[in-house]
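Letter by letter, the chains look like this.
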Amino acid sequence: MKALKLYAVGYLVFLYAPILLLPLFAFNDAKVISFPLSGFTTHWFTEMTKIPALYAAFKNSLTIALCAALISTILGIFAARAATRFSFAGKGPIMGLIMLPLVLPDVIVAISLLVVLLQLGIALQTWTVIMGHVLICLPFSIAILNAAFQALDRSLEEAAIDLGETRVSTFRLVILPLVMPGIISSLLIAFTISFDEFIVSYFLTGSSPTLPVYIYGQFRYPAKVPVIMALGTLLVLGSFVLLSIAEYFRRRGIKRRGGQDTGGFL
Amino acid sequence: MTLSAPRPIIALRDVQKYYSDYHALRGITAEIQQGEFFSLLGPSGCGKTTLLRTIAGFEDVSSGTVHIDGKDMDGVPANVRPTNMVFQSYAIFPHLTVAENVGFGLRRAALSRTEKAAEVDAALKMVGLTGYGGRAAHALSGGQRQRVALARALILKPKVLLLDEPLSALDKKMREQMQIELRRLQRQVGITFILVTHDQEEALIMSDRIAVMFEGQIAQLASPQQLYRRPISRQVAEFIGVMNFLPVQVLGENGGRVQLNVAGLGACEITAEQCPSGVQIGAASVGLRPETLTVLFEGEVARGRELLGRVEEVQYFGDMTSYEVSLPDVARPVSISMRNLVGRQVLERGAPARVAWEEGALVLFC
Ligand SMILES: Nc1ncnc2c1ncn2[C@@H]1O[C@H](COP(=O)(O)OP(=O)(O)OP(=O)(O)O)[C@@H](O)[C@H]1O
Ligand SMILES: [Mg+2]
């Protein structure tokens, strides 16, 4: 029992200590990243707002993440609905293929996509990145939405049909409201994944980089590193907030149906 | 004025249902009358729910026809059939209030908002939930959910209300109360109820008629009294209460009288009415319900015939006592249940017992 506790603490330290260094240096009044710390400043945060390229990359990432989240959630709804309600030939292999990017190295996914796009003679644009991100996000969306759809009591649907509603109106009046927490959760998580995604973006970005790709490029210039630290701090904070909201909705969804919590991503 | 024969509200003709290669319904033919309280009774897995869902339109029949109120339901989807259902899990919409749940079916009705509200109030009053309209659906007890499900299904005034084991999730007290209430409600609204249950007592208490199902077939369709007193097979007899079976030789039949030689009881004669499954000369079995046998006490005189046996087992229930009594020339002891009337003693194990029986209580299974 004690060993387990020790292990848990050690694990958390190992996982989060590097991330805690981010805000430390973001507020450190020195151009080089090294101990000892030399003083408190918010200078790097104001500096950050003065870089147009950074702002463009941020806007680019935002667009891509919004689109990727929306598309992967909508596709996820169809897939989860099909997987939980209907049985069809080859259901197992099809679902397996959709979930594959979850375990495939991102580099492989990115390179394959790049090869296909180049072969087809398609120029790298924002939408090619979005496509790649949808591929990465979709397994997560499906996993979340699957759980939401599975928790639905089938007789609820039948009750609505029994009371005169069609399949379509039943979906709108009963199913959608009940899986809404799952949908919101999927949107937020897909958004976060896409926003933070680096490898696929790196390979598929055309002329306008996403934020992670931009950050990677900036590491060549030592003078820019403290600004990146400040930016990183904000990103970690943002991701944390989004994931918390996603988890809140997931739990609320379970509670509202009076179900048992059977785990999730958080 | 001519009296037309009562038209059945539901007519099932040779309904067959296959789930891929599993034969779930094997030729169900039955007619259910308008205003009847009809029960489908049978052990788990016999196809009760499947039959109910076939009537509701949630399952297609593989062959055969379902007519509701004279109309063939082939190709008619569930949402336009004149039936409503109370689901076993109640299927209360968890994101809606009680009033929204009850009024759900009125969404498409051409009624004003106030008219709908009045209907909902009336439905809630009918099931004894006045004032609960604003409650969240998940903040209800099991019994209350059941009432909401009832009100929601009845608000559309269906021709037939289908109930799939609606009381099985309730505790004993609540269940007994709801049995009475359901029956009262059915008489009040005059709608045909079809109740699925695996509880024989519940079916006997509530129903006008009962269809006993085994393995996708109706074994017997009869009134509760008929079912209990004249079961058509040993299987039905054993499913509805307890019955003692004794081997018998059927000797002959003439003028509506059947001559038997029952093991342990001797020669006797019964009426044709006591032979619901027909008469065949040769070996068969007869049944006797435990309450048709009597253990006689000192000074008591048998109404029918008398035997001397021995008490093998005694179970005291308070209001009654159940004996297992071995009889000469009968392989297994017979069950006898006696009411514990004032002054009547309870026999001990091993005591000799005078047992009285009557020819009129015998049921022949050929
Ligand atoms: N969707 C289905 N696919 C395949 N088989 C099914 C399906 N639904 C029911 N069955 C089978 O059909 C048979 C009858 O099922 P049904 O649900 O009608 O039984 P039941 O009499 O209602 O039993 P219970 O009292 O347990 O509810 C069962 O053996 C069941 O396994
Ligand atoms: Mg059932």
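Note that the coordinates shown come from a computational prediction; the quantities given were computed from them, not determined experimentally.

In this section: the overall build of chain B. A tally of helices and strands in chain B yields 8 helices and 20 strands. Taking the principal axes of its C-alpha atoms as reference, chain B extends roughly 75 × 50 × 45 Å. Looking at chain B as a whole, 49% of its 366 residues qualify as buried. Of all intrachain contacts in chain B linking residues separated by at least 6 positions in sequence, the fraction that spans at least 24 positions is 68%. In the form shown here, chain B has an accessible surface area of approximately 17400 Å², with 50% of it arising from carbon and sulfur atoms. Taking the 39 positively charged and 39 negatively charged side chains of chain B as two groups, their mean positions are separated by 7 Å.

So, about the site of ligand 1. Residues and elements named next belong to chain B. Around ligand 1, the surrounding shell consists of Tyr19, Tyr22, Ala24, Ser44, Gly45, Cys46, Gly47, Lys48, Thr49, Thr50 and Glu165. The separation between an oxygen atom of ligand 1 and a polar main-chain atom of Gly47 is 3.0 Å. In this structure, an oxygen atom belonging to ligand 1 sits 3.3 Å away from a side-chain N or O atom of Glu165.

Let's shift gears to the confidence of the model for chain A. Residue and element names in this part refer to chain A. For chain A, the mean per-residue pLDDT works out to 83, and 94% of the residues sit at or above 70. Taking the mean pLDDT of every element in chain A, the minimum, 78, falls on helix α2 (residues 43-48) and the maximum, 93, on helix α7 (residues 154-162). With pLDDT under 50 throughout, residues 260-266 is counted as low confidence; its partners more than four residues away or in other chains account for 14 contacts.

Let us now look at the nonpolar core. Within the largest apolar cluster, 49 residues are counted, with the highest numbers of intra-cluster contacts made by B:Ile10, B:Leu12, B:Leu40, B:Phe93 and B:Ile194. Among the elements that make up this core, the one with the highest residue count is helix α8 (residues 167-196) of chain A (6 residues). Each residue touching B:Leu40, except ones within four places of it in the same chain, is listed here: B:Lys48, B:Leu51, B:Leu52, B:Ile194, B:Leu195, B:Val196, B:Thr197, B:Ala211 and B:Met213. Ranked by size, the runner-up nonpolar core spans 42 residues in total, among them A:Leu114, A:Val129, A:Ile144 and A:Ala230.

On to the packing of aromatic side chains. Here the structure, examined in full by the defined rule, presents 12 aromatic pairs over all chains. Taking the centre distance of 5.7 Å and the plane angle of 20 degrees together, the rings of A:Phe191 and A:Phe195 count as stacked. Of this pair, A:Phe191 and A:Phe195 both sit in helix α8, 4 residues apart, roughly one helical turn. Using a relative accessible area of 15% as the deciding quantity, one classes A:Phe191 as buried. Taking the centre distance of 6.1 Å and the plane angle of 80 degrees together, the rings of A:Tyr202 and A:Phe203 count as edge-to-face. Among the residues examined, A:Tyr202 registers a relative accessible area of 44% and is labelled partly exposed. In textbook terms, an aromatic cluster arises when at least three aromatic residues are bridged by ring pairs, as seen for A:Phe198, A:Tyr202, A:Phe203 and A:Tyr216. Of note, B:Arg234 hangs over the ring of B:Phe245, and the distance from its end group to the ring centre comes to 4.1 Å. One Lys or Arg, B:Arg289, reaches over the ring of B:Tyr228 and ends 4.0 Å from the middle of that ring.

Residue and element names in this part refer to chain B. Applying the stated criterion across every chain yields a total of 2 cavities of 30 Å³ or more. Counted as a void, the largest cavity has a volume near 40 Å³. Around the largest cavity, the lining residues are Met126, Val127, Arg147, Leu150, Met178, Glu181, Leu182, Arg184 and Leu185. If you list the elements that add at least two residues to the lining of the largest cavity, you get α4 (142-154) and α5 (172-189).

All names here are of chain B. A sheet is described by the order of its strands in space; here 6 strands give the open sequence β6-β7-β8-β3-β9-β10, paired in mixed fashion. Strand pairing shows two members of the sheet lacking a second neighbour, β6 (83-86) and β10 (217-222), which therefore form its edges. Each adjacent strand pair in this sheet contributes to an overall mean axis angle of 20 degrees, direction not counted. Two elements, strand β3 (residues 37-41) and strand β9 (residues 209-214), share 4 bridges in a ladder whose sense is parallel. Opposite Phe38, over in β9, you have Arg209 as the bridge partner. In this fold α4 packs onto β6, β7 (160-164) and β8 (192-197), with an angle of close to 175 degrees to the strand it touches most, β6.

With that out of the way, let us pick up the sheet that holds strand β2 (residues 22-33) of chain B. Note on sheets: strands pair through backbone hydrogen bonds, and any given pair is parallel or antiparallel. Residues and elements named next belong to chain B. One open sheet accounts for 4 strands, arranged β2-β1-β4-β5; its pairing is antiparallel. Strands with a single pairing partner mark the edges of an open sheet, and in this sheet they are β2 and β5 (71-72). Along the sheet face, helix α1 (residues 48-56) touches β1 (8-19), β2 and β4 (63-68) and points at about 120 degrees away from the line of β1.

The periodicity of an α-helix, 3.6 residues per turn, causes residues three or four positions apart to be oriented the same way. In terms of burial, α1(B) is largely enclosed, as 8 of its 9 residues are buried. Phi turns positive one or two residues past the end of α1(B), at B:Gly57, with a value near 100 degrees.

Across the contact, 21 residues belong to chain B and 20 residues belong to chain A. For the chain B and chain A pair, buried surface summed over both sides reaches about 1900 Å², with 60% attributable to carbon and sulfur atoms. On the chain B side of the interface with chain A, the three residues burying the most area are B:Asn79, B:His95 and B:Phe104, jointly 30% of the side's total. On the surface where chain B and chain A come into contact, there are 3 salt bridges. Of the charged contacts, one joins B:Arg108 and A:Glu165 as a salt bridge, the two residues approaching to 3.0 Å between their closest N and O atoms. Applying the counting rule to chain B against chain A returns 11 residue pairs in polar contact (both at pLDDT 80 or more). Across the side of chain B that touches chain A, the residue classes tally to 10 nonpolar, 7 polar and 4 charged.

Moving on to the packing of α7(A) against α8(A). Residue and element names in this part refer to chain A. Between α7 and α8, the least distance of the axes is 9 Å, while the angle of their chain directions is 140 degrees. By the angle between their axes, α7 is oblique relative to α8. The interaxial crossing formed by α7 with α8 has right-handed handedness. Together, Leu156, Glu157, Ala160 and Ile161 of α7 and Arg167, Thr170, Val174, Ile175 and Leu178 of α8 make up the contact between the two elements. Grouping the constituent residues of the contact of α7 with α8 by class yields 6 nonpolar, 1 polar and 2 charged.

Here we take up a nonpolar patch on the surface. Residues and elements named next belong to chain A. Judged by side-chain polarity, Met1, Leu4, Tyr7, Tyr11, Leu12, Leu15, Tyr16, Ile19, Leu20 and Val236 come together as a nonpolar surface patch covering roughly 1100 Å² of accessible area. Looking at the element boundaries, Ile19 is found in helix α1 (residues 2-26). The exposure class of Ile19 is partly exposed, given its relative accessible area of 33%.

Residue and element names in this part refer to chain B. Here strand β15 (residues 294-296) pairs with strand β19 (residues 352-357) via 3 bridges, running antiparallel. The partner of Leu296 across the bridge, within β19, is Arg354. Both strand β16 (residues 305-316) and β19 contribute to a ladder of 6 bridges, which runs antiparallel. Within β19, the position partnered with Arg310 by the bridge is Pro352.

Reading the values: rules and limits
Residues numbered from 1 in each chain as written. Chains lettered and ligands numbered in written order. Predicted model: local features only at pLDDT ≥ 70, side-chain atom pairs only at ≥ 80, totals over all residues. Heavy atoms only, no water. Helix = DSSP H or I, 4+ residues; strand = E, 2+ residues; numbered from the N terminus. Buried < 20%, exposed > 50% of the residue type's maximum accessible area, 1.4 Å probe, protein only. Contact = heavy atoms within 4.5 Å. Areas by Shrake-Rupley, 256 points an atom, 1.4 Å probe, with all protein chains shown as cover. Lys, Arg positive; Asp, Glu negative; His and termini not counted. Charge placed at Lys NZ, Arg CZ, Asp CG, Glu CD. Near = heavy atom within 4 Å. Polar contact = N/O pair within 3.5 Å; in protein donor to acceptor, adjacent residues only side chain to side chain. pLDDT = per-residue confidence, 0-100. Core = buried A, V, L, I, M, F, W, Y, C linked by side-chain atoms within 4.5 Å. Phe/Tyr/Trp six-rings, centres within 6.5 Å; stacked < 30°, edge-to-face > 60°. Lys NZ or Arg CZ within 6 Å of the ring centre and 35° of its normal. 1 Å grid on protein atoms, 1.4 Å probe; cavity = no way out; pocket = protein on both sides within 12 Å on 5 of 7 lines; lining within 4 Å. Points joined across faces, edges and corners; volume = space filled by probe spheres on them. Pairing = 2+ DSSP bridges. Axes fitted to C-alpha atoms, helices over the stretch in contact; angles between N-to-C directions. Buried area = accessible area lost by both parts, 1.4 Å probe. Salt bridge = Lys/Arg side-chain N within 4 Å of Asp/Glu carboxyl O. Nonpolar A, V, L, I, M, F, W, Y, C, P; charged D, E, K, R; others polar. Parallel < 35°, antiparallel > 145°, perpendicular 65-115°, else oblique. Left-handed = near helix turned anticlockwise from the far one by under 90°. Patch = residues over 30% accessible without salt bridge, like charges linked within 9 Å, V, L, I, M, F, W, Y side chains within 5 Å.

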